[in-house]
Amino acid sequence: AQKITQTQPGMFVQEKEAVTLDCTYDTSDPSYGLFWYKQPSSGEMIFLIYQGSYDQQNATEGRYSLNFQKARKSANLVISASQLGDSAMYFCAMRGFNSGGSNYKLTFGKGTLLTVNP
Amino acid sequence: KAGVTQTPRYLIKTRGQQVTLSCSPISGHRSVSWYQQTPGQGLQFLFEYFSETQRNKGNFPGRFSGRQFSNSRSEMNVSTLELGDSALYLCASSLGGEIHNEQFFGPGTRLTVL
């Protein structure tokens, strides 16, 4: 079974500052992928960044970077230079492959509500 | 390239009725997944289809069913609606079953059961 834990229900950050959103995971799958999604109040889930369990380097996508620490089973999202439009719910998710084949579903955490203050 | 579309966007039903939601994936994507999102339970996986075959199913009662057509469009059906079925239903499409294939989500269908 897979489990994603996001311990911060809400976070506040000042505009132009950096913020880190925490994510820890648990899985017995030998290989897996970790995803971060953003969900604005409109409801649509927007893909932000992906990290594979065997990737040697931390993933980066523009202002988003992923601090991946495999031994600690953590995959924290770092948003640099926060903007007002970054205010949204952020979800960490995982998808794994076990010895029996693919696991096609995404398992999501409960999310972190980020508020960017002007 | 057009994104994932879901219809209808909003739906109001009464208990005991049934409902069908539709999802059109991104062109070329053969995998379609469905998720239910509620304030209490968060995002929960319903099922996933690939080339008209259900590959994975979440822990939902048999009242929840789905199918996929040859053009990859998918529908999900909920029969005998209950108040607890009120939720945002999200559809996601991806190229296939590779780990790195990100899922692209549609805007969702917000179902209210009265």
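Residues numbered from 1 in each chain as written. Chains lettered and ligands numbered in written order. Predicted model: local features only at pLDDT ≥ 70, side-chain atom pairs only at ≥ 80, totals over all residues. Heavy atoms only, no water.

Student: How should the overall build of chain B be read in this particular structure?
Tutor: A tally of regular secondary structure across chain B gives zero helices and 11 strands. Written out in order from the N terminus, the α and β elements of chain B read β-β-β-β-β-β-β-β-β-β-β. The globule rule puts the C-alpha radius of gyration for 114 residues at 13 Å, and the 13 Å found for chain B is close to it. Projected onto its principal axes, the C-alpha coordinates of chain B cover approximately 40 × 25 × 25 Å. Accessible surface computed for chain B: about 5,300 Å², of which carbon and sulfur atoms make up 49%. (Helix = DSSP H or I, 4+ residues; strand = E, 2+ residues; numbered from the N terminus. Rg over C-alpha atoms; globule rule 2.2 N^0.38 Å. Areas by Shrake-Rupley, 256 points an atom, 1.4 Å probe, with all protein chains shown as cover.)

Student: Explanation requested: the pattern of salt bridges in the structure shown.
Tutor: Note that side chains of opposite charge can pair when their charged atoms are close. Tallying each qualifying case throughout the model produces seven salt bridges over all chains. Between D26 of chain A and K73 of chain A there is a salt bridge, and its shortest N-O distance comes to 3.2 Å. Note that D26 of chain A is positioned in strand 4 (residues 24-26) and K73 of chain A in the loop between strand 8 (64-69) and strand 9 (74-79), a separation of 47 residues in sequence. What makes D26 of chain A partly exposed here is its relative accessible area of 42%. Where R63 of chain A meets D86 of chain A, a salt bridge forms, and the shortest distance between an N and an O atom there is 2.8 Å. A residue pair is termed long-range when its members are at least 10 positions apart, and R63 of chain A in the loop between strand 7 (60-61) and strand 8 and D86 of chain A in the loop between strand 9 and strand 10 (88-98) qualify at 23 residues. A network of salt bridges, in which partner residues are shared, links R63, E82 and D85 of chain B. (Salt bridge = Lys/Arg side-chain N within 4 Å of Asp/Glu carboxyl O. Buried < 20%, exposed > 50% of the residue type's maximum accessible area, 1.4 Å probe, protein only.)

Student: Which parts of the structure should I look at to understand the packing of aromatic side chains?
Tutor: Two measures describe an aromatic ring pair: the distance that separates the ring centres and the angle between the ring planes. All names here are of chain A. Under the definition given, this model contains 15 aromatic pairs over all chains. Judged by centre distance (5.9 Å) and plane angle (65°), the ring pair of Y37 and F47 falls under edge-to-face. Pair noted here: Y37 is in strand 5 (residues 31-39) and F47 is in strand 6 (residues 46-52), with a separation of 10 residues, a long-range link. Y37 sits in the buried class, given a relative accessible area of 0%. On the basis of relative accessibility, which here comes to 23%, the residue F47 falls in the partly exposed class. (Phe/Tyr/Trp six-rings, centres within 6.5 Å; stacked < 30°, edge-to-face > 60°.)

Student: Mind showing me how you'd approach the nonpolar core here?
Tutor: Note on soluble globular proteins: their nonpolar side chains tend to be buried together. All names here are of chain A. Core analysis: the largest hydrophobic core is formed by 24 residues, its most contacted members being L34, W36, I49, L77 and Y90. Contributing elements (two or more residues each) for this core: strand 3 (19-21), strand 5, strand 6, strand 8, strand 9, strand 10 and strand 13 (112-117). For this core, the element with the highest residue contribution is strand 10, accounting for four residues. (Core = buried A, V, L, I, M, F, W, Y, C linked by side-chain atoms within 4.5 Å.)

Student: Before we go on, may I ask you to explain the pairing of strand 5 of chain A in this structure?
Tutor: Residue and element names in this part refer to chain A. Along strand 5, nine of the nine residues are buried, which leaves the element largely enclosed by surrounding structure. Alternating residues of strand 5 divide into S31, G33, F35, Y37 and Q39 and Y32, L34, W36 and K38, and every residue in both groups is buried. Where strand 5 lies against strand 6, six bridges are found, and the strand directions are antiparallel. Looking at strand 6, one finds that F35 is bridged to Y50. Where strand 5 folds back on strand 6, the antiparallel hairpin that results is connected by six residues, among which G43 adopts a positive phi of roughly 105°. (Pairing = 2+ DSSP bridges.)

Student: Looking at this model, I keep getting lost on the environment of D85 of chain B. Mind explaining?
Tutor: All names here are of chain B. Note that D85 resides in the loop between strand 8 (74-78) and strand 9 (87-94). When the C-alpha atoms of D85 and L114 are compared, they prove to be 10.0 Å apart, with 29 residues separating the residues in sequence. A polar contact is formed between the side chain of D85 and the backbone nitrogen of E82, at a distance of 2.8 Å. (Polar contact = N/O pair within 3.5 Å; in protein donor to acceptor, adjacent residues only side chain to side chain.)

Student: Looking at this structure, I do not really get the interface of chain B and chain A. What am I missing?
Tutor: Interfaces are often described in size by the accessible area the parts lose on coming together. Chain B puts 24 residues into the contact, and the matching count from chain A is 21 residues. Carbon and sulfur atoms make up 59% of the surface buried where chain B meets chain A, a total of about 1,900 Å² over both sides. Together, L43, I99 and F105 of chain B form the three largest contributors to the area buried by chain B at its contact with chain A, with a combined 34%. Connecting chain B to chain A are zero salt bridges. In this assembly, chain B and chain A are joined by four residue pairs in polar contact (both at pLDDT 80 or more). Per-element tally for the side of chain B that touches chain A: the top contributor is strand 5 (residues 42-50) of chain B, with four residues. When its residues are assigned to classes, the side of chain B that touches chain A shows eight nonpolar, 12 polar and four charged. (Contact = heavy atoms within 4.5 Å. Buried area = accessible area lost by both parts, 1.4 Å probe. Nonpolar A, V, L, I, M, F, W, Y, C, P; charged D, E, K, R; others polar.)

Just geometry here; none of it tells us what the structure is for.
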